[in-house]
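Results of the structural survey
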Amino acid sequence: MGFKTLLSIPPDYDHNFPPLGTPALSAYLKKNGMACAQTDLNIAYRGFIPDNFFSDKLEGRCYSAFLPRDESSRSGQLPYGNHTNSSFYFCERLLSSEYLWRYLEDRDENTFYKFYETSGILDRLKKDDIGLFGISVISPTQAIASLTLGLLIKKHLPHIHVTIGGQWVTLYRDAILEKKELFRCFDSMIVFEGESALLELARRLETKRDISSIPNVIEGFRKKTVSVPIFRATSDEDMNSLPCPNFDGLPLREYNGCNDGRISLTYETSRGCYWSKCAYCVDLPLPKPSYRRKDPKLVAKDMRQLKERYGAKYLLFGDPGLSPRQMREISEEILKDGVEMEWWTMARLDPGFDRKLFELAHKAGLRQVNFGFESANDRVCKLLDKGNYRDRSSRIIKDCALSGIKVDLQTMIGLPDENFQDGLDTVDFLVSHKEFIDNTTFNTYYLTPFNFVHQNPEKYGIEYDKDKSLPFGFFIPFKNKRGMDKDQAELLQKIYHSMVSAKTRRETAGIC
Ligand code: B12
Ligand code: SF4
């Protein structure tokens, strides 16, 4: 019996689609001859805690102070509307508190601990004779649950090598290394892209070889010291040698995206961003990975495989930004191959997009594009190196909608140096283009770590206190020196919503 790896997706994350990290890694290990399985504990955790658990339990516990609880923090202040022990707020505060270790093993209050005890995960690890257990930490919402799980396994099954990886681990690699005691919860961590590093880790563990020199693998605790080999030596994988993701073992019918019975999966046709300039970029923190795309022929082949193997009907492309060239060539290959499938993607408002291209892509199954629009004000876009221009955005949005593809606009209000008048330009644009826009994701701007604004706040008219930032903080408090404050940003959002609904009421009443 060979060496076995089990990869897990801990709570709490998006329930709409299976996250792509573990299917990508699982496929890569299998392609290279290593046994690998995966389990989605996030889906299993859904519904585990009663709705009122956190509101009822606030009194009298040391860690209740880390839960966002007053009315002001429940409304507007907290992005992503999560008020539990999986909130960004709770995670970053608990990680910096003296109660962390007590919480990680608190049977009564730590709902993740309770869940793991009943989930059967420890039995599975024993029964399947797992040698390497991987935890995929994509977002801060999973961090406390991941540490709880790692610690539990290290206590009960210390012979199993526990490794953590994913976007959260990569983003906070320095903070984790600063807080070395976290290595009590895992034996190693893998930063940046994980395929080559995880494969090499599994191979060396199987043959009981030293793991300290594997690029992007950081080993710790057991040896009392933490070894830090050079990061990124092999982190940018060649997309054309990555196999089609493998979703075996994930409960594909249980994701919300499958609510009408059609299997919806995640996929990627490129990594990195071909633009890579936006000053506030959240999706790809610094240092940015290089841009690589998968050969469109291979993309069409993978899509066929996902359809045949899993009955997939819909694909969510996780590419941070699909380029016009990639969209064209993929569409051509899909049509040549005859694979019938619907797909969704994120893209820039790039001048290379036009009606002809969108019509081709629509024919090939493209049903929705989420554009990074952010602002209709050219000065603000220029300052942030967004590369968007109002008139061009208008043309692309119309071309896309008129081709039958839904337009979703990611919009931010309160951007660096953006004043109230600039914000009104955005509201005006959205209202006047309403008939072409299917949905607007309207966020208030938040300063996040490791981008150009964070690196050089003066240039963008931003001020924040570096010394007061929490090491695991995601939303950093800041002052927009010349721009609008949070209240004005919220007011603009209210104006937008009232104008859009007023317009809709008039249209419904047949006045327009
Ligand atoms: C597509 C996407 C989504 C989609 C799909 C989500 C899904 N179900 O898959 C949607 C739009 C729904 C979404 C929602 C959210 N997302 Co999102 N999303 C992405 C995006 C753009 C791509 C993710 C992806 O598929 N990558 C491709 C896979 C293959 O890469 P990967 O997951 O990084 O995995 C590799 C490595 O990290 C590593 N690895 C991963 N797991 C493991 C495990 C082990 C053991 C090892 C060794 C290695 C390893 O190896 C993998 C292969 O190389 C990323 C940004 C990015 N560039 O990755 C943000 C990102 C993951 N999302 C993020 C966030 C915050 C969210 C939201 C909370 C809010 C938001 N920003 O919209 C919600 C989640 C809602 C919720 N309830 O929790 C953050 C996470 C922040 C962080 N770093 O801590 C990211 C990084 C973007 C960002 N900075 O805002 N998201
Ligand atoms: S287009 Fe998106 S991923 Fe690329 S730099 Fe801008 S915000 Fe980042």
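Below: a short report on this structure. Only a predicted model underlies this, so the values are computations on that prediction, with no experimental measurement involved.

Right, let's talk about the site of ligand 2 for a bit. Every residue close to ligand 2 is listed here: Cys273, Ser276, Lys277, Cys278, Cys281, Pro320, Arg348 and Lys386. In terms of residue class, the shell around ligand 2 is built from four nonpolar, one polar and three charged.

Here we take up the site of ligand 1. Around ligand 1, the structure places 37 residues, and the nearest of them are Phe17, Ser136, Gln167, Glu195 and Val282. The side chain of Asp14 places a nitrogen or oxygen atom 3.0 Å from a nitrogen atom of ligand 1. A distance of 2.7 Å is found between an oxygen atom of ligand 1 and a side-chain nitrogen or oxygen belonging to Glu195. Those elements giving two or more residues to the shell around ligand 1 turn out to be helix H1 (21-31), strand E3 (132-136), strand E4 (161-165), helix H10 (167-171) and helix H12 (195-206). Grouping the constituent residues of the shell around ligand 1 by class yields 20 nonpolar, eleven polar and six charged. Residues from two domains meet in the shell around ligand 1; each of domain 1 (4-219) and domain 2 (262-508) gives at least three.

Take the side chain of Asn246 next. Summarising the element assignment, Asn246 is placed in the loop between strand E6 (217-219) and strand E7 (263-267). Judged by relative accessible area, which is 8%, Asn246 ranks as buried. A distance of 3.5 Å separates a polar atom in the side chain of Asn246 from a polar atom in the side chain of Tyr310. In this structure, Asn246 is in contact with Pro23, Ser26, Ala27, Lys30, Gln38, Arg309 and Tyr310, ignoring residues within four places of it in sequence.

We now examine helix H13 (residues 296-310). Between its terminal C-alpha atoms H13 stretches 21 Å, which fits the 21 Å expected from 15 residues at 1.5 Å a residue. Within H13, burial applies to Pro296, Val299, Ala300, Asp302, Met303, Leu306 and Tyr310. Taken down its axis, H13 places every buried residue within 160° of arc, on the same side. Exposed and oriented more than 90 degrees from the buried face of H13 are Lys297, Lys301 and Glu308. Tucked inside the fold, the buried residues of H13 contact E7, strand E9 (292-293), strand E10 (312-317), helix H14 (324-337) and strand E11 (342-348). Sitting at the amino-terminal end of H13 is Asp295, which places a side-chain oxygen 2.9 Å from the backbone nitrogen of Lys297. After H13 finishes, the residue Gly311 shows a positive phi value of roughly 70°.

Tallying each qualifying case throughout the model produces 30 salt bridges. Put simply, Asp187 and Lys154 hold a salt bridge, and the shortest N to O gap is 2.8 Å. With Asp187 in the loop between helix H11 (173-178) and strand E5 (188-190) and Lys154 in helix H9 (residues 143-156), this residue pair connects regions lying 33 residues apart in the sequence. You'll find Asp187 and Lys154 in the same group, each marked buried. Arg293 serves as the salt-bridge partner of Glu329, at 3.1 Å between the closest nitrogen and oxygen. With a gap of 36 residues between them, Glu329 in helix H14 and Arg293 in strand E9 connect regions that are remote in the sequence. When salt bridges with common partners are traced through the structure, they connect Glu193, Glu195, Glu268, Arg271 and Arg292 into a single cluster.

Criteria and thresholds
- Residues numbered from 1 in each chain as written.
- Chains lettered and ligands numbered in written order.
- Predicted model: local features only at pLDDT ≥ 70, side-chain atom pairs only at ≥ 80, totals over all residues.
- Heavy atoms only, no water.
- Near = heavy atom within 4 Å.
- Nonpolar A, V, L, I, M, F, W, Y, C, P; charged D, E, K, R; others polar.
- Polar contact = N/O pair within 3.5 Å; in protein donor to acceptor, adjacent residues only side chain to side chain.
- Helix = DSSP H or I, 4+ residues; strand = E, 2+ residues; numbered from the N terminus.
- Domains from an automatic or database assignment.
- Buried < 20%, exposed > 50% of the residue type's maximum accessible area, 1.4 Å probe, protein only.
- Contact = heavy atoms within 4.5 Å.
- Expected span 1.5 Å × (residues − 1).
- Arc of directions from axis to C-beta.
- Salt bridge = Lys/Arg side-chain N within 4 Å of Asp/Glu carboxyl O.

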